[in-house]
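Listed below are the residues making up each chain.
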Amino acid sequence: MQQLTIFMDIESSRSYIDELYSADETKILEALIALKNSVIGSNRQKSSVIQQGIVPRLLQLMSEQNWDPNIRLEATITIGSLAKGTSDNVTALVEQGAAVALVEILKDVPIGTKLAEASLCALRSIFLNPPAPISALPSEMRLLSRLTQIAREGSPTARACVVRILSIWCGGPIEQEALCAAGACNAIAALLAPKGTSPPPIARALPALDLLAAMCFENANVSQVALNTRYGDKTIPELLTLLVSRDKPLPVAMGAARCLTFIHRAGAITADDSRVVFGALPCLARLCTKDMPEDIRATAAETLAYLAEVDTSLQRLAAISNHLMSSLADIVNCPSPAAKQGAFKCFASLGANAEDIRKRIIETHGLMVHIVNGMNNPEPSVRLAAVRCLHSLSRSVQQLRTTFQDHSVWRPLMLLLSESPGTELLTVGSSTLCNLLLEFSPAKEPMLDQGVVEMLCNLTKRPEAALRLNGIWALMNMAFQAEQKVKQRILSCLGTEQMFRLLGDSDTRVIMKTLGLLRNLLSTRQHIDAIMSEFSSQVMQAVIVVLEGSYPAEVKEQALCILGNIGDGEKAKDFIMANEDVLRKLVDYLAHPESKLQEAALFVAGNLVWKGEAGCAARQARLAELGVLRALKLLRQRPDAAHLHDKVKTALAQFNELT
């Protein structure tokens, strides 16, 4: 029956549809008006018209400059009406070139005409349906200048359309800079400015705030331009500060606080600026409270998380603002994923640096249960936000030993990381593992039983530097003061080939943590001897590679410290004594201009010459022969090594030489 009705609709409209292809402009215009009226308010009719293949004809009529202007206008209005249909309708329009055709009209049509306004309305409808056809609007200065001129001088409808289109189009640095150069900041200031004592209407202010936020996000240059752009006697930040007050509509206050946040995070205004401290921050905290709509609370919490993410003073201020902790705890209970995500992110930011704030967050009723539940949430964004929150709180030594253990947070985290998560979640989750595997964490032992060593070794093989870093960092933490069986397991699982690959990594931090792992593995005399008896050639080769390579001083220092640890072994020190290249390097580093390398080399020499140990006389003689004794004496005489004098004196005393 439904199909029959559609058939009848098509047949009844056939007469005027046929007239669209007439050579008589009067008939075409009448047909367009009839078609326009037939599709208004009816998605079924819109779909029918599109399915009949009429769109190309409409685009032709709309774009042909020689037609009657009323034909172009009615065709454009009809395209705009079709663009208000279903997502499938809009997709079909885009595929047939409607967005490109509308942009072409805007390039040439006079700014104040009805055709320009109709084109903008249609284009806005198309852009509001994701994914927006961004490529249809090229980054051409002439076109963007025309659009920003409309935003300043056009009718209220045209201005709102332009700003909404540009706010969706502005998705990266190229678009941000292009819009800034085209004068978009001036247009935004005009849209945000009050007229007399009246604030800007919400229909005008909201798109302008969205565009400003899109332009300023992580863009220092655009944010600086916005900071200095004036309308009348007020700059954009001053106009924004007027809009965050309690008497403004909630979406407007939210948008203004968001813009101030982005301008601050881009570096244009400081954390102690009054527009941040007394404007954006208290507004966002207020918008998180229970009496606000859920969507506003969700956005406010997420924006506040971004505002306070890197600044301890803002974290402290936010933590005591407007009962924020209890507000966030309530937002976590909201049903929407966006609300849960915003609350978790905000808790993560607040607890990023200060132990006392982390303690307050942990003591928020039931939060750890919510975090565990969040890691099991079906929504990926909620899982990621919950892990971010856990990562922030895992920086607390006290909580690792108590609350984290009580709730066994490592279980859902390990499960989450073993289920092929996305790169971002894997990065944050593995950063959390680094903290959970510190030597004082009770989670360390059960995580070993769940295969955490193998998981981390696999991370070191990932192409992403951040994942390689987290993998080797967590292994380094695990190896610190670990039992010998754990150390052996790490070495066996990682493999010497992979260790050498990590020592040649493009990221110096990965190299440092790999050497840190070796240093932790080679601690405790019994462990040193056992590991060197099995892996001596690989370990010595790794050290030589670093000492002879073009590595920064801090990397070479780590390699020398590993030698120092080996020199503390009862039998392992023989592997150093048997390698003349290493011993000659030792002499060189005792004379190195870099103080940290002198000190590290001194650590090695001191362990090798320590008297009272088996074979010490032979080692002293060999080291003296190679120039170590002479290097120590020269080091004692160097005025720039005065801070090492006591250690040099101790090393020389082992040779029974004090002068």
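What you are looking at is a predicted structure, and each value in this text was computed from that prediction instead of being measured.

Let us look at the packing of helix α17 (residues 274–287) against helix α19 (residues 312–319). Angle between the axes and distance between the axes: these two values describe a pair of packed helices. Where α17 meets α19, the axes come as close as 11 Å, and the angle between the chain directions of the two elements is 50°. On the basis of their axis angle, the class for α17 and α19 is oblique. The way α17 lies across α19 gives a crossing that is right-handed. Residues V276, V277 and L281 of α17 pack against L314, L317 and A318 of α19. Across the contact of α17 with α19, the residue classes break down as six nonpolar, no polar and no charged.

This brings us to unusual backbone geometry. Leaving glycine out, the prevailing phi sign among residues is negative, and the prevailing peptide bond configuration is trans. A cis geometry characterises the amide bond from P130 onward to P131, with omega recorded as -5°. Within the chain, E218 stands out as a residue other than glycine whose phi angle is a positive 55°. Locating E218 in the fold gives a position in the loop between α13 (202–216) and α14 (220–228). One non-glycine residue, S420, adopts positive backbone phi at about 50°. In this structure, S420 sits in the loop between α27 (410–417) and α28 (423–436).

As assigned here, the protein chain comprises domain 1 (12–137), domain 2 (397–521) and domain 3 (529–658). The centre of domain 2, based on its C-alpha atoms, is set 30 Å off from the matching centre of domain 3. Every contact between the two is made by 16 residues of domain 2 and, on the other side, 18 residues of domain 3. Interface area lost by domain 2 to domain 3 is led by F500, L515 and R519, which between them contribute 37%. At the boundary of domain 2 and domain 3, one finds zero salt bridges. Summed over the shared surface of domain 2 and domain 3, the result is two residue pairs in polar contact (both at pLDDT 80 or more).

Below, the discussion takes up the pattern of salt bridges. Applying the stated criterion to the full structure yields 25 salt bridges. The shortest N-O distance in the salt bridge between E309 and R265 comes to 3.0 Å. Of this pair, E309 sits in the loop between α18 (294–308) and α19 while R265 sits in helix α16 (residues 250–265), and the two are 44 residues apart along the sequence. Judged by relative accessible area, which is 24%, R265 ranks as partly exposed. Among the ionic pairs, R468 bridges to D505, the shortest N-O distance being 2.7 Å. Here the residue R468 occupies a position in helix α31 (residues 465–479), and D505 occupies one in the loop between α33 (496–503) and α34 (508–521), the gap between them amounting to 37 residues.

Turning next to the environment of D449. The residue D449 is located in helix α29 (residues 444–449) in this model. For D449, a relative accessible area of 62% corresponds to the exposed category. Placed 162 residues apart in sequence, D449 and L287 show a C-alpha to C-alpha distance of 45 Å.

In total, this model carries three cavities of 30 Å³ or more according to the counting rule given. Taken as a whole, the largest cavity spans an internal volume of roughly 60 Å³. Along the walls of the largest cavity sit L491, T496, M499, F500, L518, F535, Q538, V539 and A542, which together make up its complete lining. Listed by contribution, the elements that provide at least two residues to the lining of the largest cavity are α33 and α35 (525–548).

Within this numbering scheme, the UniProt entry marks residues 53–97 as carrying the feature "repeat: ARM" (unreviewed entry). Secondary structure content for residues 53–97 is 71% helix and 0% strand, while the C-alpha to C-alpha distance between its ends is 13 Å.

Right, let's get into the confidence of the model for the protein chain. This prediction gives the protein chain a mean pLDDT of 91; 97% of its residues lie at or above 70. Counting contacts from residues 1–12, a segment whose pLDDT is below 50, to residues more than four positions away or on other chains yields seven contacts.

Moving on, we come to the layout of surface pockets. For the largest pocket, the calculated volume is near 650 Å³. Looking at the largest pocket, it is lined by 28 residues, and the ones nearest its centre are A305, Y306, E309, K345 and R388. Listed by contribution, the elements that provide at least two residues to the lining of the largest pocket are α16, α18, α21 (337–350), α24 (380–393) and α28. By residue number, the principal contributor to the lining of the largest pocket is α18, which donates seven residues.

As a further point, take α34. Counted at 1.5 Å a residue, the expected span for α34 with its 14 residues is 20 Å, and the 20 Å between its end C-alpha atoms agrees. Inspection of α34 places V510, I511, T514, L515, G516, L517, L518, N520 and L521 among the buried residues, and these make up the whole buried set. Lining the buried residues of α34 we find α31, α32 (484–494), α33, α35 and α36 (553–567).

Note on placement: P200 falls in the loop between α12 (184–192) and α13. The spatial distance from the C-alpha of P200 to the C-alpha of K248 is 10.0 Å, given a sequence separation of 48 residues. Those residues in contact with P200, other than ones at most four positions away along the chain, are L191, L192, A193, P194, A205 and L243.

Evaluation of the coordinates by the stated rule reveals three aromatic pairs. Judged by centre distance (5.6 Å) and plane angle (85°), the rings of F262 and Y306 are edge-to-face. With F262 in helix α16 and Y306 in helix α18, this residue pair connects regions lying 44 residues apart in the sequence. Take Y306: its relative accessible area is 16%, and that puts it in the buried class. Following the ring pairs from residue to residue traces out a cluster consisting of F217, F262 and Y306. Positioned above the aromatic ring of Y306, the side-chain terminus of R265 is 4.2 Å from the ring centre. The aromatic ring of W473 is capped on one face by K513, whose charged end is 4.1 Å from the ring centroid.

Cut-offs applied
- Residues numbered from 1 in each chain as written.
- Predicted model: local features only at pLDDT ≥ 70, side-chain atom pairs only at ≥ 80, totals over all residues.
- Heavy atoms only, no water.
- Axes fitted to C-alpha atoms, helices over the stretch in contact; angles between N-to-C directions.
- Helix = DSSP H or I, 4+ residues; strand = E, 2+ residues; numbered from the N terminus.
- Parallel < 35°, antiparallel > 145°, perpendicular 65-115°, else oblique.
- Left-handed = near helix turned anticlockwise from the far one by under 90°.
- Contact = heavy atoms within 4.5 Å.
- Nonpolar A, V, L, I, M, F, W, Y, C, P; charged D, E, K, R; others polar.
- Domains from an automatic or database assignment.
- Buried area = accessible area lost by both parts, 1.4 Å probe.
- Salt bridge = Lys/Arg side-chain N within 4 Å of Asp/Glu carboxyl O.
- Polar contact = N/O pair within 3.5 Å; in protein donor to acceptor, adjacent residues only side chain to side chain.
- Buried < 20%, exposed > 50% of the residue type's maximum accessible area, 1.4 Å probe, protein only.
- 1 Å grid on protein atoms, 1.4 Å probe; cavity = no way out; pocket = protein on both sides within 12 Å on 5 of 7 lines; lining within 4 Å.
- Points joined across faces, edges and corners; volume = space filled by probe spheres on them.
- UniProt positions renumbered as here; feature names shortened; annotations may be inferred.
- pLDDT = per-residue confidence, 0-100.
- Expected span 1.5 Å × (residues − 1).
- Phe/Tyr/Trp six-rings, centres within 6.5 Å; stacked < 30°, edge-to-face > 60°.
- Lys NZ or Arg CZ within 6 Å of the ring centre and 35° of its normal.

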